[in-house]
Amino acid sequence: MNEYKEKILKICNESNKATLMETLNIEYIDVGENYLVAKMPVTPKVHQPDGVLHGGATVALAESVGSMASHIFLDTKEFFVRGLEISANHVKSIREGDVYARAEVVHKGRTTQIWDIKVTDKNGNLISICKLTTIALSKK
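Everything numeric here is computed off the predicted structure, so don't read it as measured data.

**Focus on the overall build of the protein**
Line of reasoning, step 1. Secondary structure summary: the protein contains three helices and six strands in total.
Line of reasoning, step 2. Here the C-alpha atoms of the protein give a radius of gyration of 15 Å, agreeing with the 14 Å that 2.2 N^0.38 yields for 140 residues.
Line of reasoning, step 3. Along the three orthogonal principal directions, the C-alpha set of the protein runs to about 45 × 30 × 25 Å.
Line of reasoning, step 4. Looking at the protein as a whole, 38% of its 140 residues qualify as buried.
Line of reasoning, step 5. Expressed as a percentage of contacts within the protein between residues at least 6 apart in sequence, the contacts between residues at least 24 apart total 59%.

**Overview of the packing of aromatic side chains**
Line of reasoning, step 1. Within the structure shown, the criterion is met by one aromatic pair.
Line of reasoning, step 2. Consider the rings of phenylalanine 73 and tryptophan 115, whose centres lie 6.0 Å apart with planes at 20°: the pair is stacked. Remark: tryptophan 115 occurs in strand E5 (residues 112-120) and phenylalanine 73 occurs in helix H3 (residues 55-73); sequence separation between them is 42 residues.
Line of reasoning, step 3. For phenylalanine 73, a relative accessible area of 22% gives the class partly exposed.

**Structural notes on the nonpolar core**
Line of reasoning, step 1. Core analysis: the largest hydrophobic core is formed by 31 residues, its most contacted members being Tyr28, Leu53, Val99 and Ile117.
Line of reasoning, step 2. Contributions of two or more residues to this core are made by helix H1 (2-14), strand E1 (27-32), strand E2 (35-42), H3, strand E4 (97-108), E5 and strand E6 (126-138).
Line of reasoning, step 3. Looking at this core, the element that brings in the most residues is H3, giving seven residues.
Line of reasoning, step 4. With near-sequence residues (within four places) excluded, valine 99 lies in contact with Ala38, Lys39, Met40, Val42, Leu53, Leu61, Ile94, Val119, Thr120 and Ile127.

**Topic: unusual backbone geometry**
Line of reasoning, step 1. Backbone geometry at alanine 18 places phi at a positive 60°, although glycine is not the residue there.
Line of reasoning, step 2. For alanine 18, the position within the fold is in the loop between H1 and helix H2 (20-23).
Line of reasoning, step 3. The phi dihedral of asparagine 25 falls on the positive side, at around 60°, and the residue is not glycine.
Line of reasoning, step 4. You can call asparagine 25 partly exposed: its relative accessible area is 41%.

**Description of the pattern of salt bridges**
Line of reasoning, step 1. With the rule as written, the count across this model stands at six salt bridges.
Line of reasoning, step 2. Linking lysine 39 and aspartate 98 is a salt bridge whose minimum nitrogen-to-oxygen distance equals 4.0 Å. Taken together, the residues lysine 39 in strand E2 and aspartate 98 in strand E4 connect sequence positions 59 residues apart.
Line of reasoning, step 3. With a shortest N-O distance of 2.8 Å, glutamate 104 and arginine 102 are connected by a salt bridge.
Line of reasoning, step 4. Arginine 102 gets classed as partly exposed once you look at its relative accessible area, which sits at 33%.

**Examining H3**
Line of reasoning, step 1. Taking 1.5 Å per residue as the helical rise, H3 with its 19 residues ought to reach 27 Å, and the 27 Å between its terminal C-alpha atoms agrees with that figure.
Line of reasoning, step 2. When we look at burial in H3, the residues that qualify are Ala57, Thr58, Ala60, Leu61, Ala62, Ser64, Val65, Gly66, Ser67, Met68, Ala69 and Ser70.

**Points about the environment of arginine 95**
Line of reasoning, step 1. As for its position among the elements, arginine 95 is in the loop between strand E3 (79-90) and E4.
Line of reasoning, step 2. Measuring from C-alpha to C-alpha, the distance between arginine 95 and alanine 38 comes to 18 Å, with 57 residues separating the pair along the chain.
Line of reasoning, step 3. The contacts of arginine 95, once residues within four sequence positions are left out, are Val42, His47, Asp50, Gly51 and Val52.
Line of reasoning, step 4. Only 3.1 Å separates the side chain of arginine 95 from the backbone oxygen of aspartate 50, close enough to count as a polar contact.
Line of reasoning, step 5. Within the local environment of arginine 95, its side chain forms a polar contact with the backbone oxygen of glycine 51, the two atoms lying 3.3 Å apart.

Rules of the game
Residues numbered from 1 in each chain as written. Predicted model: local features only at pLDDT ≥ 70, side-chain atom pairs only at ≥ 80, totals over all residues. Heavy atoms only, no water. Helix = DSSP H or I, 4+ residues; strand = E, 2+ residues; numbered from the N terminus. Rg over C-alpha atoms; globule rule 2.2 N^0.38 Å. Buried < 20%, exposed > 50% of the residue type's maximum accessible area, 1.4 Å probe, protein only. Contact = heavy atoms within 4.5 Å. Phe/Tyr/Trp six-rings, centres within 6.5 Å; stacked < 30°, edge-to-face > 60°. Core = buried A, V, L, I, M, F, W, Y, C linked by side-chain atoms within 4.5 Å. Salt bridge = Lys/Arg side-chain N within 4 Å of Asp/Glu carboxyl O. Expected span 1.5 Å × (residues − 1). Polar contact = N/O pair within 3.5 Å; in protein donor to acceptor, adjacent residues only side chain to side chain.

See the structure below:
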């Protein structure tokens, strides 16, 4: 399982090259049967003017991990994934360190997928909670 997990994470991280995910230094760090985890450093480049993590950067992290999770769990030879809707509630601010986004599947349908994404700090404190709906579209 570890070899399989490492292979998936390597593919996910290689897909970040020259994208927003690379710009935000998002790294995929764990994957399981129905979840994917990514981390992002909280530095001044993702701050609001008052020095805390920008909600937009948090949502970009959440959508990145949820969309990548959909991508992993679908047949990407047949389908591509797009986000339909994302909502976020920001409950705590953070100035530095890393944040972790864990996307867990709520609904894995043939066409739509719903992901619950919790963004936490290194101590497991909830920073934001997000819900992402994705759609699988046929490549044909």
